[in-house]
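# Tertiary structure, described
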Amino acid sequence: MRLATVLFACAATVAQADHRLTDRDIEAGAALYAETCASCHGADLEGQPDWRTPGEDGILPAPPHDVSGHTWHHDTPLLLEYTLKGGQATLESRGVTGFKSGMPAFEKTLTEDEVLDILAFIRSTWPERAQEVQSQRTHAAD
Ligand code: HEC
């Protein structure tokens, strides 16, 4: 009985941590992705060629959001902040200065709910194992 209670409590916590990217409007997210992100991150989330090598201006090309990229390595609060505030501000708030980010801020054009729909769409394209890892990262960061 006790063990069952503990397990239930754990399950409830995990469900809560996952909550922000589940039960979202994946179709709306896909449409918003096509409109606002695909120009850089690719129509099939494939990113730009040689995305690990900075260009002459020192700015990195846009990375893929499919499972070959590193989006699934990051917790939801970080992904949300990176999209709303842009790369520069997000990294500076974590003490990383002198990095020229090519990722614009979308807080003036997209709401938090819209970005969560986009992230849920991106997440829905990953294999289940990567989705689980991303949930665990999010849970650990909570
Ligand atoms: C003008 C090109 C451009 C557009 C448009 C753009 N990005 Fe990015 N994005 C980048 C670049 C370049 C990076 C690489 C990191 C950096 O330079 O900060 C990046 C990095 C990211 C990252 C962090 C890396 C990762 O894989 O976790 C996230 C999250 C992200 N973008 C989400 C989005 C979302 C969501 C949209 C649409 C709302 C979007 N981006 C639109 C250029 C863009």
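Here the structure is a predicted model, which is why all the values come from computation and not from measurement.

The local shell around the ligand holds 24 residues, among which Cys37, Cys40, Gly87, Gly102 and Met103 are the closest. Breaking the shell around the ligand down by element, the ones donating at least two residues are helix H3 (38–41) and helix H4 (76–92). With four residues, the single largest contributor to the shell around the ligand is H4. The class makeup of the residues in the shell around the ligand is 12 nonpolar, 12 polar and no charged.

Once that is clear, we can look at the packing of helix H2 (residues 26–36) against helix H5 (residues 112–124). The geometry of a pair of packed helices is captured by two quantities: the angle between their axes and the separation between those axes. Taken N-terminus to C-terminus, the directions of H2 and H5 make an angle of 95°; their axes are 7 Å apart at the nearest point. Classified by the interaxial angle, the pair formed by H2 and H5 is roughly perpendicular. Residues Ile26, Ala28, Gly29, Ala30, Leu32 and Tyr33 of H2 form the contact with H5, whose participating residues are Glu114, Asp117, Ile118, Ala120, Phe121, Ile122 and Ser124. Taken together, the residues of the contact of H2 with H5 break down into nine nonpolar, two polar and two charged.

Residue placement: Ala31 occurs in helix H2. Accessibility expressed as a C-beta count within 10 Å gives 14 for Ala31, which makes it partly exposed. Along the sequence, Ala31 and Ile118 sit 87 residues apart, while their C-alpha atoms lie 8.3 Å from each other.

What follows concerns the packing of H4 against H5. Where H4 contacts H5, the axes come no closer than 10 Å and their chain directions differ by 120°. The pairing of H4 with H5 is recorded here as oblique in orientation. In this structure, the crossing between H4 and H5 has a hand that is right-handed. Here Thr76, Leu79, Leu80, Thr83 and Leu84 of H4 lie close against H5, whose contacting residues are Glu112, Val115, Leu116 and Leu119. Classifying every residue of the contact of H4 with H5 by side-chain character gives six nonpolar, two polar and one charged.

For the rest of this paragraph, the subject is the environment of Glu27. Inspection of the secondary structure puts Glu27 in helix H2. Taking the C-beta count within 10 Å as the criterion, Glu27 has 10 such neighbours and is therefore assigned exposed. C-alpha separation for the pair Glu27 and Phe121, spaced 94 residues apart in sequence, amounts to 7.3 Å.

For helix H6 (residues 128–141), spanning 14 residues, the distance from its first C-alpha to its last is 20 Å, which sits close to the expected 20 Å at 1.5 Å a residue. Within H6 the residues assigned to the buried category are Gln134, Ser135 and Thr138. Each buried residue of H6 lies within a common arc of 100° when the element is viewed along its axis, so the set occupies one face. In H6, the exposed positions that point more than 90 degrees away from the buried face belong to Arg129 and Ala140.

Reading guide: rules and limits
- Residues numbered from 1 in each chain as written.
- Predicted model: local features only at pLDDT ≥ 70, side-chain atom pairs only at ≥ 80, totals over all residues.
- Near = placed C-beta within 6 Å.
- Helix = DSSP H or I, 4+ residues; strand = E, 2+ residues; numbered from the N terminus.
- Nonpolar A, V, L, I, M, F, W, Y, C, P; charged D, E, K, R; others polar.
- Axes fitted to C-alpha atoms, helices over the stretch in contact; angles between N-to-C directions.
- Parallel < 35°, antiparallel > 145°, perpendicular 65-115°, else oblique.
- Contact = placed C-beta atoms within 7 Å.
- Buried ≥ 20, exposed ≤ 12 C-beta atoms within 10 Å, placed from the backbone.
- Left-handed = near helix turned anticlockwise from the far one by under 90°.
- Expected span 1.5 Å × (residues − 1).
- Arc of directions from axis to C-beta.

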